[in-house]
Each structure stands twice: as C-alpha cells, then as structure tokens.
Amino acid sequence: MADFCNEDGVSRSISETPPTHYTLKIQSLSLLKKNNIEKYTSPYFEAGGYKWKLVFHPKGNKNKNAEGKHVSIYLMMAEASSLVPAGWEVHAVFRLFLLNQNNDNYLVLQDTRVQKGRRFHAMKVEWGFDRFISQEDFNNQENGYVVDDICVVGAEVYVCQEKFKGKADCLSMVKDPISYKHVWKIDKFSSLTADCKDSKTFIQEEHKWKIQVYPKGKGSGADSHLSLYLALAEPSSLSQGSQIYAEFTLRILDQINATHYFGKANYWFSGSHTFYGWPRFISIGYFSLPGAGYLVKDTCVIEAEVTVHGATTNNIML
C-alpha cells in the first residue's frame, strides 16, 4: 500500500489488497439517484466480535453539506441498542475502500487523528467520511470507480486486532421496473371473524407478496379503523441480510364513484421487516357508509400495485 495524501488527519492510500471484512457491489448505481434514495445502508457484517454496516450516500450527505459535491461513506455499528451494559464503548480502527475497476486496486481512506480508533457508543454509532471522493472524480469513467453503472465499496474494522471472515453483499437495482397490480375481492366482509385476513399470494419480481387487512383494526387503529398492509408471503425464504426495496400503493376501490381510497409508500422489506402499511388506513365508520362505495352489498375490493426497485443478496463473492 502506498500513501499518496494525508490532509486533515485523513490518510488516502492505494492498495491492491481487497478489504478483509466486507465488500458491497452496487449495481445500477444511477437508479439510486433516479429513485431519490439519498443513502443505502448495507446488511450487517461481523468484525472484531461486533456487527457493522456500511452507509453509502451516492449524492453526498446533505446533513454534512456534501450533497452534490462528494460521495459520503460511513461505518455504522449495527444492533447497538442491544449491547449491554449501559455505557458501553467500542474503540475501532477502520478503513473504507472504493474499487478502481480499471486498475484493479482500491482507494482507501483511514482516519489517523486518533491512534486508539474511533469511539462507538450509544450516542455515536456512525463514523466515516463526509467527503470520501468528489462527485467529479467518482463519476469520471477514466478513474474506474464507476464502470457499467457499477461501483464496489468495502470495509476493514479492527477491534483489539481481531479478524473475522469476510462477507459480501450485492445491491441490484432494477433499471426499468414493471408495476404489478393484484385485485382482491372480499365477499361477506361483515362476516369476517379473524383479526387478520390474508389475500392470495401474488408474485412480483420473483418475490411472493400478500395483502393483509384487519377489519377491526390493529395497534393504534384497533376498534376504530380498518388496518391495511403489504407483506412478504414467504419471508423465511430470504437469506439472512437480504432486503427488497419496493414502492407500493394500496387502494380500497370505490365501486360507485370510482373515487378510490389509497395510501402510497416505499419500504425496505426483509426477513425481520416483513410488512408495512397503515394501522389507521380508513375509519370503520367512513368505510361502512352506504354511499361511499367502499363496501357494496357486503363486498369490498382491495388493490395492491407493487413495483420492486432493487434487492440486496448476500454471500456473492466478487
């Protein structure tokens, strides 16, 4: 490794050795910006006996005045809230990597201002570089950091110099996503007795989904609102750390006036975050009004429109 710059306590180096602990390949990079994804937080990896994540701001961290000027990359301690006892601290020395795909080497940044490493604790779980690289240098194809709309970043983390086996993830964005509509007709709605009613499973971008309706509400909407959610139908089939980024709209169709009642959201679905929606989607009183058109002859029609914009899969070695 050769140091070629050291300013403001940040060491910038070129290395031919890949990162020891974690590598993240980001495909269809331009679609992160197109879909207004300001930052991407990777699945966790392990190093030094702790779990960590990379946080990547493709347009720069706007909270650090880097938006539009630089690419920002950070190391974040994962599941920090589960660490005990209270008042815990973890000192870690870390290096963050960006692959030059033309020369097959890495731009490496390390904070050299503290010899014992940065202090991670409950009030400060993230450290890194607001100005990892300028947008101009990052996007210049001659520099090799973005090739065929792909970039590769990585991390090494040393806690008491203990090393763990590396892990790789791949974030793939869908260039021309296709929306899928699923229509669910529920007859004898007032006769539903279960707390939750599930639709038939439907498939969008190789993932299985379902609509969930709570006729008498759930959580903050209990006994006052109808609750409505989009859910993964088979979350256990996802590998650990896999994520799915979906944009979706849920509608209760107005069968009389075509003035449909809807909610729209974007969400990262995973094995631990299997559903998303609204506990107070529509009040039971309004939903049941004869002239509203949402419940006609005791029949309700619910529509889900789902667009999958990207997914993260793990254990893909580069």
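Reading the values: rules and limits
Residues numbered from 1 in each chain as written. Predicted model: local features only at pLDDT ≥ 70, side-chain atom pairs only at ≥ 80, totals over all residues. Heavy atoms only, no water. 1 Å grid on protein atoms, 1.4 Å probe; cavity = no way out; pocket = protein on both sides within 12 Å on 5 of 7 lines; lining within 4 Å. Points joined across faces, edges and corners; volume = space filled by probe spheres on them. Helix = DSSP H or I, 4+ residues; strand = E, 2+ residues; numbered from the N terminus. Nonpolar A, V, L, I, M, F, W, Y, C, P; charged D, E, K, R; others polar. Polar contact = N/O pair within 3.5 Å; in protein donor to acceptor, adjacent residues only side chain to side chain. Contact = heavy atoms within 4.5 Å. Salt bridge = Lys/Arg side-chain N within 4 Å of Asp/Glu carboxyl O. Buried < 20%, exposed > 50% of the residue type's maximum accessible area, 1.4 Å probe, protein only.

**Q** Can you break down empty space enclosed by the protein residue by residue, with the values?
**A** According to the stated counting rule, one finds one cavity of 30 Å³ or more in the structure shown. One number sums up the size of the largest cavity: a volume of about 40 Å³. Lining the largest cavity are Ala92, Val93, Phe94, Asp111, Val114, Gly117 and Arg118. With three residues, strand 8 (residues 89–100) is the largest single contributor of residues to the lining of the largest cavity. Class assignment of the residues belonging to the lining of the largest cavity gives a composition of four nonpolar, one polar and two charged.

**Q** Let's hear about the side chain of Gln204: which residues, and what values?
**A** Topologically, Gln204 is positioned in strand 16 (residues 202–204). A polar side-chain atom of Gln204 sits 2.5 Å from the main-chain carbonyl oxygen of Ile178. Beyond its immediate stretch of four places on either side in the chain, Gln204 contacts Ile178, Ser179, Tyr180, Trp209, Val306, Thr307 and Val308.

**Q** Outline the pattern of salt bridges, supporting the account with residue identities and numerical values.
**A** For the coordinates displayed, the defined rule picks out 11 salt bridges. We note a salt bridge from Glu38 to Lys62, for which the minimum N-O separation is 3.1 Å. Placement of Glu38 in the loop between helix 1 (29–34) and strand 4 (40–41) and of Lys62 in the loop between strand 6 (50–57) and strand 7 (70–77) is noted, with a sequence separation of 24 residues between them. When its relative accessible area of 39% is taken as the criterion, Glu38 is described as partly exposed. Here Arg95 makes a salt bridge to Glu156, at a shortest N to O gap of 2.5 Å. In this pair, Arg95 is assigned in strand 8 and Glu156 in strand 12 (residues 151–158), connecting sequence segments 61 residues apart. Like Glu156, Arg95 is buried. One network of salt bridges, with partners in common, ties together Asp111, Arg113 and Arg118.

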